[in-house]
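Next come the chains, spelled out residue by residue.
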Amino acid sequence: MTNKQPLTLKSTAAIHTLQPVRLMTRLCKHWGHKFPVELAEQHCSIELPLGLCHMRCTDILQVQLHSDIEHISQLQEVVADHLRRMASTEELVIDWQQA
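In this text, all values refer to a predicted model and were calculated from it rather than measured experimentally.

Novice: Please set out the sheet that holds strand β6 (residues 97-98) residue by residue, giving values where relevant.
Specialist: The 6 strands are arranged β2-β3-β4-β5-β1-β6 in an open sheet whose pairing can be described as antiparallel. Bordering the open sheet on either side are β2 (37-39) and β6, each of which pairs with just one other strand. Of the strand pairs in this sheet, β2 and strand β3 (residues 43-48) are connected by 3 bridges, and their pairing is antiparallel. Each bridged residue has a counterpart across the sheet, and for Glu 38 the counterpart in β3 is Ser 45.

Have a look at this one:
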């Protein structure tokens, strides 16, 4: 008998932005209409169909994604695309690292 439990991967990005809290809050409010979101002052969690997204604000926006091997790349693209849209005119550099 084989165990068919999906492999969970973690991907992280440290995003330099002038307003990390504003960016995180905008994304949570945007996705809060469709997905379960937990938003606190300096951190959040979003349950997306592709996986989990955790964000923490310091002087940068730290993003951590959890998904299976089949969906991690797509989750990275979706989160990056939405963060860039929420940032409006600010250019974000998002470099995902497998953890």
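So that's the structure; there's more coming.
Novice: Which residues make up the pairing of strand β1 (residues 8-15), and what are the values?
Specialist: Direction of pairing for β1 relative to strand β5 (residues 61-68): antiparallel, over a ladder of 8 bridges. Residue pairing across strands places Ile 15 opposite Leu 61, the latter belonging to β5. Note that β1 and β6 share 2 bridges and pair antiparallel. Bridging from a neighbouring strand, Thr 12 pairs with Gln 97 of β6.

How each quantity is defined
- Residues numbered from 1 in each chain as written.
- Predicted model: local features only at pLDDT ≥ 70, side-chain atom pairs only at ≥ 80, totals over all residues.
- Heavy atoms only, no water.
- Pairing = 2+ DSSP bridges.
- Helix = DSSP H or I, 4+ residues; strand = E, 2+ residues; numbered from the N terminus.

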